Amino acid sequence: MRVFLRNKQTRLYRAASNGWAAASEEALPFTSVRHAARFAFDEKLPEAEIVVRYDLLEQEVAVPLLPEWCDLDERDSAAA
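Thresholds, definitions, all that
- Residues numbered from 1 in each chain as written.
- Predicted model: local features only at pLDDT ≥ 70, side-chain atom pairs only at ≥ 80, totals over all residues.
- Heavy atoms only, no water.
- Pairing = 2+ DSSP bridges.
- Helix = DSSP H or I, 4+ residues; strand = E, 2+ residues; numbered from the N terminus.
- Phe/Tyr/Trp six-rings, centres within 6.5 Å; stacked < 30°, edge-to-face > 60°.
- Lys NZ or Arg CZ within 6 Å of the ring centre and 35° of its normal.
- Buried < 20%, exposed > 50% of the residue type's maximum accessible area, 1.4 Å probe, protein only.
- Arc of directions from axis to C-beta.
- pLDDT = per-residue confidence, 0-100.
- Contact = heavy atoms within 4.5 Å.
- Core = buried A, V, L, I, M, F, W, Y, C linked by side-chain atoms within 4.5 Å.

Visitor: Summarise the pairing of strand 5 (residues 59-64); cite the residues concerned and give the values.
Guide: Of the pairings in the sheet, the one linking strand 4 (residues 48-54) to strand 5 comprises six bridges and is antiparallel in character. Residue pairing for strand 5: glutamate 49 is matched across the bridge by proline 64. The antiparallel hairpin formed by strand 4 and strand 5 contains four residues in its connecting segment, where glutamate 58 sits at a positive phi of about 55 degrees.

Visitor: Describe the packing of aromatic side chains, and please don't skip the residues or the numbers.
Guide: Within this structure, the stated rule accounts for two aromatic pairs. Between phenylalanine 30 and phenylalanine 39, the ring centres sit 5.2 Å apart and the planes meet at 55 degrees, which makes this aromatic pair tilted. The aromatic ring of tryptophan 20 is capped on one face by arginine 14, whose charged end is 5.2 Å from the ring centroid.

Visitor: Which residues make up helix 1 (residues 33-42), and what values go with them?
Guide: An α-helical turn contains 3.6 residues, so any two residues separated by three or four positions project in the same direction. Of all the positions in helix 1, only Val33, Arg34, Ala36, Ala37 and Ala40 are classed as buried. Angularly, the buried residues of helix 1 cover 165 degrees about the axis, an arc narrow enough to put them on a single face. Phi turns positive, to about 55 degrees, at lysine 44, one or two residues after helix 1.

Visitor: Tell me about the confidence of the model for the protein chain, residues and numbers included.
Guide: Should the pLDDT be low somewhere, the predicted coordinates at that spot are not to be read in detail. Averaged over all residues, the pLDDT of the protein chain equals 85, while 89% of them reach at least 70. Confidence over residues 75-80 falls short of pLDDT 50; this stretch has one contact with residues more than four positions distant or in other chains.

Visitor: Break down unusual backbone geometry for me, citing the residues and quoting the values.
Guide: One non-glycine residue, arginine 11, adopts positive backbone phi at about 65 degrees. Tracing the backbone shows arginine 11 in the loop between strand 1 (2-7) and strand 2 (13-15). Overall, arginine 11 belongs to the partly exposed group, its relative accessible area being 45%. The backbone of lysine 44 sits at a positive phi, close to 55 degrees, despite the residue not being glycine. Tracing the backbone shows lysine 44 in the loop between helix 1 and strand 4.

Visitor: Any chance you could break down the nonpolar core for me, citing the residues and the numbers?
Guide: Within the largest apolar cluster, 13 residues are counted, with the highest numbers of intra-cluster contacts made by Val3, Leu5, Ala36 and Ile50. Every element with two or more residues in this core is listed here: strand 1, helix 1 and strand 4. At four residues, the largest contribution of residues to this core is made by helix 1. Contact partners of isoleucine 50, with chain neighbours within four places excluded, come to Val3, Phe4, Leu5, Val33, Ala36, Ala37, Val61, Ala62, Val63, Leu65 and Trp69.

Here you go:
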């Protein structure tokens, strides 16, 4: 599983050095949905969406940027 940020309007992926790239191969990878969401909110990227790509199934899922994603892992850890 790979996690990226993508601009909803331009469909460009967030790349390193505050840039944007057309190909996901050039995108800044995140270790989780939570990390991508926190980065987007910290960098003030309200136009972003979170993209999760499953290479095994050759599928990509885009989810809206929501504040709840920032706490995703922490809630799971507290319940355990």
